[in-house]
Amino acid sequence: MRVIQYREALREAMSEEMRRDKNVFLMGEEVAEYNGAYKVSQGMLDEFGPDRVIDTPIAELGFAGLGVGAAMNGLRPIIEFMTFNFSLVAIDQIVNSAAKMLAMSGGAYNVPIVFRGATGNAGQLGATHSSNFENWFANTPGLKVVVPSNPYDAKGLLKASIRDNDPVIYMESELMYGDKGEVPEAEYLLPIGVADIKRKGKDVTIVSFGKMMKVALEAAEELAKDGIEAEVIDLRTVRPIDYAAVVESVKKTNRCVVVEEANPLAAISSEITYHLQRNAFDYLDAPVIRVNSMDIPLSYAPTYIDATLPNVKRTLDAVKQVMYK
Amino acid sequence: MAKKSTATKAKAKYSKETYAYWYESMLLMRRFEEKAGQLYGQQKIRGFCHLYIGQEACASGAITALTKDDKWITAYRDHAHPLGLGTDPGAVMAELFGKVTGTTKGKGGSMHIFDKERNFMGGHGIVGAQVPMGLGIGFAEKYQGTKNLCICHMGDGAVRQGAVHEALNLAMLYKTPVIFVIENNGYAMGTSVARTSNVTELYTIGEAYDMPSFPVDGMSVEAVHEAVAEAAERARKGDGPTLLEFRTYRYKGHSMSDPQKYRTREEVEEYKGRDPIEQVKKTIMDNKILTEDEITAIDKKVKKQVEDAVKFAEESPWPDGQDAFKDVYKQEDYPFVME
């Protein structure tokens, strides 16, 4: 099968959907003439023209709100945030407008919009460019939150997100745009809300999503060297969460570690842990342990970063702990 | 309505139907809101409730200047616009009560009236948030190649929100067919315009973005109509947005729990002397546009409409609590977390 980059998978998804439906358009900072801050939308201005690939000033609140209004009035906007760190100035339009519109209007106006962009840390970018808000958005009824971990998932899930009739938060990573993976030429969509077992195993379940899947899979490789077979579940979406997939796996392995980049309090890992104690209590042979970023902002120096982010070593330590090794 | 207007005989510039509509729609808004205020006192209406009394011309005059395909959006002082557009007063009143027959089946309440059939797109709760949305609604019209526009109302308080400035800039940049309307009633809740910025001529904020921007007598339904008609022509020609500052006044408090210590009784009375309904009634009488009998018939009709609306709201059932799970997602089998 052909191999393409994560950014190319995203570009293909958007371009295919824009060819399919003229009401789909892309708007954001540097998406058109600059060809995308991370080259995701490279060439799209040439194909679709300036009426459908639209540069904005640096005004996230304004153009996020524009997208919501356009979606209420028949269009299907893709609004790109250069990173979700900048979505915070637009969060009122996401949480109060997009997410609540259908309910608030008694079912009259849905908001078929995709807010997409990078999330989380991407090297030494300092505190304000390194945050994860997956759990913030996942806490908001009305939204769907998609966090794909590889090019294949990225394409199928982005196409599904663009066709979805509800607002979707679609989170990528600067550290994944160059990742390569197999992506078929033929069209396919992946369902929102369905987890994927990325590695089969019987000894312990590792649950993760987004770019932390790299950590989870690398840890599983290391464990295999010691004869421990980890089952690695990629949640793919964190609203809704495919709880059943996690519970089923834990019924088999009886042990679980959750790896997540966000800060720990009220995180997706807490949510998974709650559901396991509630729905798989009798199957657990050890407390669930999570590996999150530490409970602090991410600072600049590499030593601070090492001391803050989840990594393979912390994941291995957590697995050993749940296996009483 | 306290003082008589001292103006000399006003000339009639519009059709009989237009004057009759202005008088009837503004009277309906006034009587509906007066009744809503009473019912709030009786705790039939709960939560927040923001009345439009005094500001009626801002909605009524704009409605006659636009077409039925144009789109409307405003903030939470939102009962009057849909009433003017023809939404059933019973459905609006039932919404204020929280009944299942309300405009959004009791989901929205006073601040979130919607009527898709009449292109009234809410009813929004966060000050200024409707302004980027209004921009987007107009953007969609242009994108789809229609000649329609969006009229986006906001209060004077919204003018100090960043969202509004971003939207004005984007609207001008993209030449979006939007009419931005500031209903300047002088006070953002209890804070006067002068206490919120050095820039008190609110329409001038549009000039910072090269937008055609004008002050309008918001107590005159004719002045509102003229200004909106001119802005609409500009939008339909492809020349983009306009900012209009309607200088108006609300006779009642910001919401129902407002002791109004920030203004004087004299100030309120002065504006009542320029009451929009009395003004248009005078024009109608001076020019014999409607007979006494026709006016009386309108008064009676409106009175009955409001009575019927209250009766309808009173008698309507509450929504089923479990229906709170409906219309959160378009996806019908969305798997909610159920504990």
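Everything quoted here is computed from the prediction, not taken from an experiment.

Undergrad: Help me understand the overall build of chain B, please; the structure alone is not making it clear to me.
TA: Along its length, chain B carries eleven helices and eight strands. Computed over its C-alpha atoms, the radius of gyration of chain B comes to 20 Å, within 12% of the 20 Å expected for a compact globule of 339 residues. Counting only C-alpha atoms, chain B reaches 70 × 50 × 40 Å along its principal axes. Taken over 339 residues, chain B has a buried fraction of 53%. Put simply, of all contacts in chain B between residues at least 6 apart along the chain, 75% involve residues at least 24 apart. When the accessible surface of chain B is split by element, carbon and sulfur atoms take 51% of a total near 14600 Å².

Undergrad: I tried to follow the interface of chain B and chain A on my own but got confused; where do I start?
TA: Accessible area lost on assembly of the parts is the figure often given for the size of an interface. Taken together, the contact pairs 40 residues of chain B with 53 residues of chain A. Looking only at chain B, the three residues that lose the most surface to chain A are Tyr143(B), Tyr329(B) and Lys330(B), adding up to 17% of its buried area. Joining chain B to chain A, the criterion identifies one salt bridge. In this structure, Glu339(B) engages Arg278(A) in a salt bridge whose closest nitrogen and oxygen atoms are separated by 3.2 Å. On the surface where chain B and chain A come into contact, there are 24 residue pairs in polar contact (both at pLDDT 80 or more).

Undergrad: How should I be thinking about the pattern of salt bridges in this particular structure?
TA: When their charged atoms lie close together, side chains carrying opposite charge are able to pair. Residue and element names in this part refer to chain A. The final tally for this structure, using the stated rule, is 52 salt bridges over all chains. In this structure, Glu 185 and Arg 2 form a salt bridge, with 3.9 Å as the shortest nitrogen-oxygen distance. Of this pair, Glu 185 sits in the loop between β8 (180-182) and β9 (196-199) while Arg 2 sits in the segment before β1 (3-5), and the two are 183 residues apart along the sequence. Residue Arg 2 is classed as partly exposed on the basis of its relative accessible area, which comes to 22%.

Undergrad: I would appreciate a short explanation of the layout of surface pockets in the present structure.
TA: In this approach, a probe sized like a water molecule rolls over the atoms, and the result shows the empty space that is left. Volume-wise, the largest pocket comes out at about 470 Å³. Taken together, 20 residues line the largest pocket, and the ones lying closest to its centre are Ala138(A), Asn139(A), Arg239(A), Glu271(A) and Val337(B). Listing elements by their share of the lining of the largest pocket, those giving two or more residues are α6 (134-138), β12 (237-239) and α10 (268-279) of chain A. Here the lining of the largest pocket gets four residues from one element, more than from any other, and that element is α10(A). Here the lining of the largest pocket spans two domains, since at least three of its residues come from each of domain 1 (3-182) and domain 2 (196-324) of chain A.

Undergrad: I'm lost on the side chain of Asn148(B) in this one. Help?
TA: Residues and elements named next belong to chain B. Tracing the backbone through its elements, the reader meets Asn 148 in the loop between α5 (130-143) and β3 (150-155). Taking relative accessible area as the criterion, Asn 148 reaches 17% and is therefore assigned buried. Within polar-contact distance, the side chain of Asn 148 engages the side chain of Glu 141 at 3.2 Å. For Asn 148, the contacting residues outside a window of four places in its chain are Asp 69, Asp 70, Lys 71, Glu 141, Pro 177 and Arg 236.

Undergrad: Is there a simple way to think about unusual backbone geometry in this case?
TA: A negative phi angle is the norm for most residues apart from glycine, just as the trans form is the norm for most peptide bonds. The residue after Arg239(A), namely Pro240(A), is reached through a cis peptide bond having omega -5°. Note that the residue after Gly122(B), namely Gly123(B), is joined by a cis bond; omega there is 20°. Within the secondary structure, Gly123(B) is located in strand β2 (residues 120-123). Of note in this structure, Lys39(A) is not a glycine but carries a positive phi near 65°. With respect to the element layout, Lys39(A) can be found in the loop between β2 (24-28) and α2 (44-48). Positioned with a positive phi, Tyr324(A) is a non-glycine residue whose angle comes to about 55°. With respect to the helices, strands and loops of the structure, Tyr324(A) is situated in the segment after α12 (312-322).

Undergrad: Would you explain the environment of Val291(A) in this entry?
TA: All names here are of chain A. Tracing the backbone through its elements, the reader meets Val 291 in strand β14 (residues 289-291). Separated by 34 residues in sequence, Val 291 and Val 257 place their C-alpha atoms 7.4 Å apart. Val 291 has contacts with Val 257, Val 258, Val 259, Glu 260, Pro 310, Arg 314, Thr 315 and Ala 318, leaving out every residue within four places of it along the chain.

Undergrad: What is the right way to read the environment of Val306(B) from this model?
TA: All names here are of chain B. With respect to the helices and strands, the residue Val 306 is situated in helix α11 (residues 292-315). For Val 306, a relative accessible area of 4% gives the class buried. Between the C-alpha atoms of Val 306 and Met 93, which are 213 residues apart in sequence, the distance is 8.7 Å. Not counting chain neighbours up to four residues away, the residues in contact with Val 306 comprise Leu 28, Arg 31, Phe 32 and Lys 35.

Undergrad: Help me out: how do you make sense of the sheet that holds β14(A) in this one?
TA: Remark on secondary structure: sheet strands pair via backbone hydrogen bonds, oriented parallel or antiparallel. Residues and elements named next belong to chain A. The strand order β9-β11-β10-β13-β14 describes an open sheet built from five strands, whose pairing is mixed. In this open sheet, the two strands that pair with only one neighbour each are β9 and β14. If you compare each strand with its neighbour and ignore which way they point, the axes differ by 25° on average. Pairing between strand β13 (residues 256-259) and β14: three bridges, direction parallel. Bridge pairing links Val 257 to Ile 289 in β14. Those strands touched by helix α8 (residues 212-225) are β9, β10 (204-208), β11 (230-234) and β13, and its axis lies near 170° from that of β11.

Undergrad: How do you make sense of empty space enclosed by the protein when you look at a structure like this?
TA: Residue and element names in this part refer to chain A. All told, the structure shown has four cavities of 30 Å³ or more when counted by the stated rule. Reported here for the largest cavity is a volume of approximately 90 Å³. Forming the boundary of the largest cavity are 14 residues, of which Thr 119, Glu 134, Gly 210, Lys 211 and Glu 261 lie nearest the centre. Here the lining of the largest cavity spans two domains, since at least three of its residues come from each of domain 1 (3-182) and domain 2 (196-324).

What counts, and at which threshold
Residues numbered from 1 in each chain as written. Chains lettered and ligands numbered in written order. Predicted model: local features only at pLDDT ≥ 70, side-chain atom pairs only at ≥ 80, totals over all residues. Heavy atoms only, no water. Helix = DSSP H or I, 4+ residues; strand = E, 2+ residues; numbered from the N terminus. Rg over C-alpha atoms; globule rule 2.2 N^0.38 Å. Buried < 20%, exposed > 50% of the residue type's maximum accessible area, 1.4 Å probe, protein only. Contact = heavy atoms within 4.5 Å. Areas by Shrake-Rupley, 256 points an atom, 1.4 Å probe, with all protein chains shown as cover. Buried area = accessible area lost by both parts, 1.4 Å probe. Salt bridge = Lys/Arg side-chain N within 4 Å of Asp/Glu carboxyl O. Polar contact = N/O pair within 3.5 Å; in protein donor to acceptor, adjacent residues only side chain to side chain. 1 Å grid on protein atoms, 1.4 Å probe; cavity = no way out; pocket = protein on both sides within 12 Å on 5 of 7 lines; lining within 4 Å. Points joined across faces, edges and corners; volume = space filled by probe spheres on them. Domains from an automatic or database assignment. Pairing = 2+ DSSP bridges. Axes fitted to C-alpha atoms, helices over the stretch in contact; angles between N-to-C directions.

Read these as layout, nothing more, since geometry by itself doesn't imply function.
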